[in-house]
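# Fold and geometry: a report
The chain contents come next:
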Amino acid sequence: MSVLVVEKDSQYTRCASTLAAGGIRQQFSNAENIQMSMYSAEFLHNIKENLCVADEDPPDVQFNEHGYLFLATERGAHILQENHNIQRELGAKVELLSPTMLKERHPWMNTDDIALASYGYENEGWFDPWSLLSAFRKKAISLGAKYIDGEVSGFQYSEVKPNESMAYGGCGRRITGVKVRMLNSPETNVVNCSYVVMAAGPTSKEVGMLADIGCGPADGLLDLMIPVEPRKRYVYVCHAPEGPTLDCPFVIMPDGSYFRREGFGGMYIAGKSPPEDQEPSCEDLSVDYEWFNDQIWPNLANRVKAFECLKIKNAWAGYYDYNTFDQNGIIGYHPAYPNLVVATGFSGHGIQQSPAVGQAVTELIINGCTVSIDLTKMGFDRLWDGTPLIEKNVI
């Protein structure tokens, strides 16, 4: 099997993965998300074996296994308890903490309004997204994958006869070629293919439209758009010299604000997803510093007294590939085409679940279904049925 990867942004300057906060957690409400993150954590633990390349230093993604700490008031305590039960059933290493236990463990934290906390004491924390992406790319190239700088501009098709696939009831076509417009050049090449994997992140809807997805007839299963769009998120780098040190986990506060330690020397990163009616424009990656001052800093200062005097040192913005249908990933064959696999819409969880998603895509192509983890529920059927796969722990 030969693999060609088309990269529109080969330097990854606007890539959702490299601009992420780099968290990994098992604390989800859906079994599929829990299992994918458990798989990915195991992958990271063994990354030097999984992604080693001959004559190269082994990859180091700086996996800081200091856990996620979710905080809940009385209003949200029952959700933490429900999620905890599912997580434990699946083998996740998580524990519930009472306010007293929380205060004993983290005396620097204000726990006055906290009714319950959930802490992932193993296989959770954060890593360097750039290092993971680079390691994946180097390993893929070492195994024969080719990368080209270009942009997909269209597809070529052949007719699929009913007797060629008894179970196939899509649009009557299969993709046989991908049109690639070369960057900084008027040249367009056609790449012949047996399978296409569409992992276009925030631009998945637009790439799908090039294959008539969302623009075609209902009887060909082409009437629904891929419900993924970019959503801009800010990450702020702050300095608080008296803030918590090595015992600081990745903290998720009841209002959705978060912070975690960034190295040493009193550095932290912080952020928060806005409500639907306050989503910022995605025209560029500019940062709104007033959002931090108005919506994040007061919550940080209330939770950790040392954050009252923190200073912003830097900030960046990146994109979620946001699934507007249910904020969950879409993994599976598109029902209109027998050879188009889609992996998108992870809504902020993509980089942490990427090892599991890569394995799932491989299994879909080789076996026709996912094997390591049953991801049937994350396919396209739920879009046509109108039954969202709701994830309660979206940050």
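Residues numbered from 1 in each chain as written. Predicted model: local features only at pLDDT ≥ 70, side-chain atom pairs only at ≥ 80, totals over all residues. Heavy atoms only, no water.

### A word on the overall build of the chain
Broken down by element type, the chain carries 9 helices and 17 strands. Each principal axis of the C-alpha atoms in the chain carries an extent, and together these give about 65 × 45 × 40 Å. Here the chain, with 395 residues, has 47% of them falling under the buried criterion. Pairs at least 24 apart in sequence give 72% of the contacts found in the chain among residues at least 6 apart. Per element, the accessible surface of the chain, about 18,400 Å² overall, is 50% carbon and sulfur. For the chain, the separation between the mean place of its 32 positive charges and that of its 50 negative charges on side chains is 2 Å. (Helix = DSSP H or I, 4+ residues; strand = E, 2+ residues; numbered from the N terminus. Buried < 20%, exposed > 50% of the residue type's maximum accessible area, 1.4 Å probe, protein only. Contact = heavy atoms within 4.5 Å. Areas by Shrake-Rupley, 256 points an atom, 1.4 Å probe, with all protein chains shown as cover. Lys, Arg positive; Asp, Glu negative; His and termini not counted. Charge placed at Lys NZ, Arg CZ, Asp CG, Glu CD.)

### Here's the deal with the pairing of strand β17 (residues 340-344)
The buried fraction of β17 is high, at 5 of 5 residues. Burial along β17 is two-sided: the face carrying L340, V342 and T344 and the face carrying V341 and A343 are both buried. Pairing between strand β10 (residues 196-198) and β17: 3 bridges, direction parallel. Residue pairing in the sheet places V196 in a bridge with L340 of β17. (Pairing = 2+ DSSP bridges.)

### Some words on the pattern of salt bridges
Going through the model one piece at a time under the given rule, you end up with 15 salt bridges. Between K8 and E151 there is a salt bridge whose closest N-O contact spans 3.5 Å. On the criterion of sequence distance, the pair formed by K8 in the loop between β1 (4-7) and β2 (23-24) and E151 in strand β7 (residues 146-159) is long-range, its members being 143 residues apart. For K8, a relative accessible area of 52% puts it in the exposed group. E151 sits in the partly exposed class, given a relative accessible area of 24%. As a salt-bridge pair, E262 and R260 come within 2.7 Å of each other at their nearest N and O atoms. Because the salt bridges share partners, they merge into one network encompassing E229, R231, R233, E276 and E279. (Salt bridge = Lys/Arg side-chain N within 4 Å of Asp/Glu carboxyl O.)

### Quick notes on a nonpolar patch on the surface
A cluster of nonpolar side chains, contributed by M1, V3 and I366, occupies part of the molecular surface with about 380 Å² of accessible area. Following the sequence through the fold, I366 ends up in helix α8 (residues 350-367). (Patch = residues over 30% accessible without salt bridge, like charges linked within 9 Å, V, L, I, M, F, W, Y side chains within 5 Å.)

### With respect to the sheet that holds strand β3 (residues 68-72)
Judged by pairing direction, the sheet is mixed, and its 8 strands sit side by side in the order β4-β5-β3-β12-β13-β14-β11-β15 without closing on themselves. Two strands bound the open sheet, and with one partner strand each, they are β4 (94-97) and β15 (311-323). For this sheet the average axis-to-axis angle between neighbouring strands, irrespective of direction, equals 20°. Bridge count between β4 and strand β5 (residues 116-120): 4 bridges; the pairing is antiparallel. The residue bridging E95 from the neighbouring strand is Y119, located in β5. Helix-sheet contacts for helix α3 (residues 77-89) involve β3, β4 and β5, and the interaxial angle to β4 is about 155°. (Axes fitted to C-alpha atoms, helices over the stretch in contact; angles between N-to-C directions.)

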